Structures are given as structure tokens and as C-alpha cells.
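Each chain is listed here by its residues.
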Amino acid sequence: MTNSTDLSRTVLIVPPNDAEAIQISQIAQKMQLPVILSKQTHGASLDQGRNYLAQVKAGGYKRVVVVEMPGPKSEARLKKMGVELILIDHHHYTGLDRAHDEKTGKMLPSSLEQFLKLFRLTDKKLTSLGFHPRLVHAIGIHDRGFIWALQDEGYSKKEIREFLKYHDGLLAQIQNPRTENRKQLIAHNAWKRRTRWSTYFIVETEADIQLRPRLSRIVALEIGKPTALIIVERKRGLIYVQESDHAMKLFRTFGGFTFGQDRNWGYRNEKGKKRVWLKEVKTVLKEKT
């Protein structure tokens, strides 16, 4: 599918809740690809929020591309409607493996990388749409494997600095500048209060902020290498373990979700679900494999 006429029968459903999803939505809009933007934050699902199926039906779309919004019930209903459904994702979720190719079993690249391949967006095409191809690719690489993946792919220190500015520029579209400085300060203070346990740094916050991405940046710039972390966001009900060989072990034990090539795990404590906090995580990490 290469022109606007073809694209008119396809719709993209995406929640622009991080830099990668924002980049995908920007490219789609430049392509004149119909887009349904979800206002859901991380943990978005096709089964939650607005009636996406009604919008698909009203638009007369024949192909639906869904980015990182797992929703088995809605997916089944879309297929029943006769719609071609394409799922773009690269994470494990409780009961769902969206991290591996169904046919080959190989780990999938980032969602942006899948999007570029699906729509045959070459560097020449990206340039014609007004984007800097190397920066676009960097967004996908970073989402797949953080700054370490950029280093492995040959990005220089100068290019990584340029990328970080570009990345933060995308995020600025969903951040409140009045509160972002406060959130950054909370993240820095949480890092200063870190404790050490086994091979992990434990960082906790009682503040109702998304600590993890801000903390990951701080650690990357300060330590400069992959660092094992346990991150606890109590008000948001989230616990993460990053840069760990045991991420999949935690996933198999508790469910939750994985990211970053299955070396990172997270769990959202919600009503009606098993409570998983530091004690439970430490118990699993201490077990011999």
C-alpha cells in the first residue's frame, strides 16, 4: 500500500503515550493514513475506553492496524466483522505473547520498526515526508533496547545526544511543562535515596509520578552502562525490574508485562489481582534457577 487512495481503507489505532507511539502517529498523519488516537496511558487496551469498533465500522475501514493495545475481545470482534487485523507490538502480557513472531518464534523488533516495514517506509520516503531517517530509526531502536541498543547499532555519542533532544521533543507534546521539572526533581531525589540489594539498586517513590523512564535516563547518564534496578512506584501501583536475566522468570511467576527484549519486567497492582511488591519480587529473585 503506497498511495493515499490505498491508505484510505486502512486505519491506525494508536495511543500516543510515549515517544515511539507519538512518532508513529506523526508519520501516519504525514502519510495521510487515517488515525484513531487513544487517550489511554501505558497499559492501553482495545477493550477499554471508547468504542473503537464502532469507529472502524463508521469509517468503512477494511484493514485495522493496532499499535500496542492488546484487547482479545475486541480483536475477535473485528475479525468477525471481516476486517483484516494487523497487530503491532513487541511485549509479553499476562496470557498474551506479543513479543515473538507467531510463525518463526523470533523476538519481534520495536513497534516503530514494524510500522516502517509494514508500510514500506524507506529512508527516502521518510525524508520526503519531512523526517530525519536516522532519528526516526533511533526512536525504534531505543524503544527496543534503550541507549545500549543505539550504541550497539553504531550511533556516536554526538548522535545519541541529538537523539535524546529529539526524543524529549516528542515527549514534550504529552508532558505538562509546569510539572515536568518537579517530576524530574522527584526522580533525582529517589535515585539519591537508592539502596543496594544483591546485584540490584532499589529505587522507590511515594509520589504519583511515572518514575521509571526518568530514572532510566538518570542512571544511563550517571553510570553509563546497563544497571540492574528494582523500581517501585507505590502510588501508581507499579513495580519494575530492569536489566535482569530473571525478567522472564518474574513474568512466568506473576504475569504482568515485559519490554526491552524480555530483560525488563513490570507489574501493575490492581484491585482483584495478586499483590506483588518488593518482598514477593525478592523471593523469586533469590531462588536458584
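Look above for the structure.
The structure reproduced in this document is the subject of the present report. (Residues numbered from 1 in each chain as written. Predicted model: local features only at pLDDT ≥ 70, side-chain atom pairs only at ≥ 80, totals over all residues. Heavy atoms only, no water.)

1. What about the overall build of the protein chain?
Looking only at helices and strands, the protein chain has 12 helices and 12 strands in total. The C-alpha atoms of the protein chain give a radius of gyration of 19 Å, which matches the 19 Å a tight globule of 289 residues would have. Overall, the C-alpha framework of the protein chain stretches about 55 × 45 × 40 Å when taken along its three principal axes. Burial analysis of the protein chain (289 residues in total) assigns 51% to the buried set. Residue pairs at least 24 apart in sequence account for 57% of intrachain contacts in the protein chain once pairs closer than 6 positions are excluded. Summing over all exposed atoms, the protein chain offers an accessible surface of approximately 15,200 Å²; the carbon and sulfur share of this is 49%. Put simply, the protein chain has 50 plus and 31 minus side-chain charges, and the middle of one group is 3 Å from the middle of the other. (Helix = DSSP H or I, 4+ residues; strand = E, 2+ residues; numbered from the N terminus. Rg over C-alpha atoms; globule rule 2.2 N^0.38 Å. Buried < 20%, exposed > 50% of the residue type's maximum accessible area, 1.4 Å probe, protein only. Contact = heavy atoms within 4.5 Å. Areas by Shrake-Rupley, 256 points an atom, 1.4 Å probe, with all protein chains shown as cover. Lys, Arg positive; Asp, Glu negative; His and termini not counted. Charge placed at Lys NZ, Arg CZ, Asp CG, Glu CD.)

2. Some remarks on the pairing of strand β10 (residues 238-242)
In terms of burial, β10 is largely enclosed, as five of its five residues are buried. Side-chain alternation along β10 places L238, Y240 and Q242 on one buried face and I239 and V241 on a second face that is also buried. In this sheet, β10 lies alongside strand β9 (residues 229-233) in antiparallel orientation, the contact comprising five bridges. The residue bridging E233 from the neighbouring strand is L238, located in β10. Counting the residues in the hairpin turn of β9 and β10 gives four residues, including G237, whose phi is positive at 75°. With four bridges joining them, β10 and strand β12 (residues 264-268) adopt antiparallel strand pairing. Among the inter-strand pairings, I239 is bridged to a residue of β12, identified as Y267. (Pairing = 2+ DSSP bridges.)

3. Some words on helix α5 (residues 111-118)
All of the buried residues in α5 are S111, L112, Q114, F115 and L116. The secondary structure elements touched by the buried residues of α5 are β1 (10-14), α2 (19-30), β3 (63-67), β4 (84-88), α6 (123-128) and α7 (133-152). Looking one or two residues beyond α5, the residue adopting positive phi is R120, at roughly 50°.

4. A short note on the packing of aromatic side chains
All told, the structure shown has nine aromatic pairs when counted by the stated rule. Residues W191 and F201 carry aromatic rings whose centres are separated by 5.4 Å and whose planes lie at 80° to one another, so their mutual orientation is edge-to-face. You can see W191 sitting in helix α9 (residues 177-192) and its partner F201 sitting in strand β8 (residues 200-205), a full 10 residues away along the chain. For the residue pair W191 and F201, the accessibility class agrees, reading buried in each case. Summarising the aromatic geometry, the rings of Y240 and F259 are spaced 6.3 Å apart at their centres and angled 85° between planes, so their arrangement reads as edge-to-face. Highlighted residues: Y240 in strand β10 and F259 in strand β11 (residues 257-259), separated in sequence by 19 residues. Members of the aromatic cluster, each reached through a chain of ring pairs, are Y240, F257 and F259. Over the ring of W191 we find R194; its NZ or CZ atom is 3.9 Å from the centre of that ring. Geometry around F201 places R194 over its ring, the cationic atom sitting 5.4 Å from the centre. (Phe/Tyr/Trp six-rings, centres within 6.5 Å; stacked < 30°, edge-to-face > 60°. Lys NZ or Arg CZ within 6 Å of the ring centre and 35° of its normal.)

5. As for the packing of α7 against helix α10 (residues 211-223)
Two measures define how a pair of helices packs: the angle their axes make with one another and the distance between the axes. Look at α7 against α10: their axes get within 12 Å of each other, and the N-to-C directions meet at 10°. What the angle tells us is that α7 and α10 run roughly parallel. Where α7 crosses over α10, the two elements pack in a sense that is right-handed. Counting all contacts with α7, which are made through F146, I147 and W148, the residues of α10 involved are S216, R217 and A220. (Axes fitted to C-alpha atoms, helices over the stretch in contact; angles between N-to-C directions. Parallel < 35°, antiparallel > 145°, perpendicular 65-115°, else oblique. Left-handed = near helix turned anticlockwise from the far one by under 90°.)

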